[in-house]
Amino acid sequence: MIFEKEYAITRVRAMKGKLLKKETITAIKSAKTKESLVNSLHKTIYGKEFADAKDISKEQLALETDLNNAILKIHKFMPGVFENEMNCILKKKDMQNIKIILRNLYAEKNTNKESLFKKGKIYSCFCAGGITGLESLGNELKHTQYYAPYMAGWLRYKETGNLQDIEKELEKQNTKISHASEELRKFLQMTLELDDFCVLVRLEKKGLNKESANLHFKNRSSEIMKKYSILLNGDAPLEQKKEEYFKTKLKEATTNDPFSFLVVIDYLTKKEREIRTLQACLKEVVA
């Protein structure tokens, strides 16, 4: 299809146009009751979720599902030229599914199928009933990139009983970004570096040793601290400055190339931030 890349990115820009306006976000944040929060969302794309749900847990899940559905929608119309880039996003959601199931198994809780991203091997295995415990979860990961790290963590977990032993090994997969364009790899790596930077700053303030931290790039700590030291300027919270930095870099990249896959990353980043804001406000008004 001629101009398939341009067509797909134009559709994503149309989805971006449906994100909440600043004034709506302001009204949501100032809401003191659930009723005023619902009224603020009445004529937005989230109106249905809040109108249909009868309790906070269902509403929180509806919001999470809304984010997942946006990714699935984009995946359906994304052309082959962006296949590797799209797979990076799907890989992240597959990892999220593993963690949700893993933590519920550890806590001896049932996993709600609706809480999972509805695509990928893990989701298929879960729906087929093949995952009944931590060991069977490992077995279902055979022939995937997650099997070796999971089993390495599993062996340590059997000795310590610490679930983080498994999660730490799985997290190492986040740094293995392959096949995607150099542009996307650069931005995904920046995200991980910024996460490490924030952890390192917190550890430094508390006088704690970085060796005990779960970092993505433990051997590059000094380099990362120097690279993002500009974020230490000013009085705004570090997380806020991190978001602004990432937002600025994305804006620069998508301005330089308006049909870059980073337009998708920009949309999904803003969509996720919007969802997290709604979830936090919902908790606040029903507390």
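Residues numbered from 1 in each chain as written. Predicted model: local features only at pLDDT ≥ 70, side-chain atom pairs only at ≥ 80, totals over all residues. Heavy atoms only, no water.

Caption draft 1: A look at the packing of aromatic side chains. A complete count under the given rule lists six aromatic pairs for this structure. Between Trp154 and Tyr157 the ring centres are 5.7 Å apart and the planes differ by 25°, which places this aromatic pair in the stacked class. Of the two residues, Trp154 and Tyr157 both sit in helix 9 (residues 147–160), three residues apart, roughly one turn of that helix. Linked through ring pairs, Tyr106, Trp154 and Tyr157 together constitute an aromatic cluster. The lysine or arginine in question, Arg220, covers the ring of Phe217, its NZ or CZ lying 5.0 Å from the ring centre. (Phe/Tyr/Trp six-rings, centres within 6.5 Å; stacked < 30°, edge-to-face > 60°. Helix = DSSP H or I, 4+ residues; strand = E, 2+ residues; numbered from the N terminus. Lys NZ or Arg CZ within 6 Å of the ring centre and 35° of its normal.)

Caption draft 2: Summary view of the side chain of Glu167. Here Glu167 shows up in helix 10 (residues 164–171). Beyond its immediate sequence surroundings of up to four residues, Glu167 is in contact with Leu102 and Arg103. (Contact = heavy atoms within 4.5 Å.)

Caption draft 3: Up close: the environment of Lys34. Looking at the secondary structure, you find Lys34 in helix 3 (residues 34–41). In sequence terms Lys34 and Val285 are 251 residues apart; their C-alpha atoms lie 5.5 Å from each other. Ignoring anything within four residues of it in the chain, the contact list for Lys34 reads Glu59, Val285 and Val286. Only 3.0 Å separates the side chain of Lys34 from the side chain of Glu59, close enough to count as a polar contact. (Polar contact = N/O pair within 3.5 Å; in protein donor to acceptor, adjacent residues only side chain to side chain.)

Caption draft 4: The pattern of salt bridges, seen in detail. This model, assessed by the stated rule, comprises 19 salt bridges. For the salt bridge of Lys172 with Glu169, the shortest nitrogen-to-oxygen distance reads 3.2 Å. In this structure, Lys227 engages Glu193 in a salt bridge whose closest nitrogen and oxygen atoms are separated by 3.0 Å. Placement of Lys227 in helix 12 (residues 221–227) and of Glu193 in helix 11 (residues 182–206) is noted, with a sequence separation of 34 residues between them. Via salt bridges that share partners, Glu193, Arg220, Glu223 and Lys227 belong to a single interconnected network. (Salt bridge = Lys/Arg side-chain N within 4 Å of Asp/Glu carboxyl O.)

Caption draft 5: Spotlight on unusual backbone geometry. One non-glycine residue with positive phi stands out, namely Glu108, at about 55°. You can see Glu108 is positioned in the loop between helix 6 (83–106) and helix 7 (121–127). Given the relative accessible area of 74%, Glu108 is considered exposed. In the Ramachandran plot, His143 falls in the positive-phi region, its phi being about 70° despite a non-glycine side chain. The topology assignment puts His143 in the loop between helix 8 (134–140) and helix 9. What makes His143 exposed here is its relative accessible area of 85%. (Buried < 20%, exposed > 50% of the residue type's maximum accessible area, 1.4 Å probe, protein only.)

Caption draft 6: Geometry of the packing of helix 13 (residues 238–256) against helix 14 (residues 262–286). At a minimum axis distance of 9 Å, the contact between helix 13 and helix 14 shows a crossing angle of 150°. Classified by the angle between their axes, helix 13 and helix 14 sit roughly antiparallel to one another. Considering the relative orientation of helix 13 and helix 14, their crossing is left-handed. The residues of helix 14 that touch helix 13, namely those facing Glu243, Phe246, Lys247, Leu250, Ala253 and Thr254, are Leu262, Val263, Ile265, Asp266, Thr269 and Arg273. Grouping the constituent residues of the contact of helix 13 with helix 14 by class yields six nonpolar, two polar and four charged. (Axes fitted to C-alpha atoms, helices over the stretch in contact; angles between N-to-C directions. Parallel < 35°, antiparallel > 145°, perpendicular 65-115°, else oblique. Left-handed = near helix turned anticlockwise from the far one by under 90°. Nonpolar A, V, L, I, M, F, W, Y, C, P; charged D, E, K, R; others polar.)

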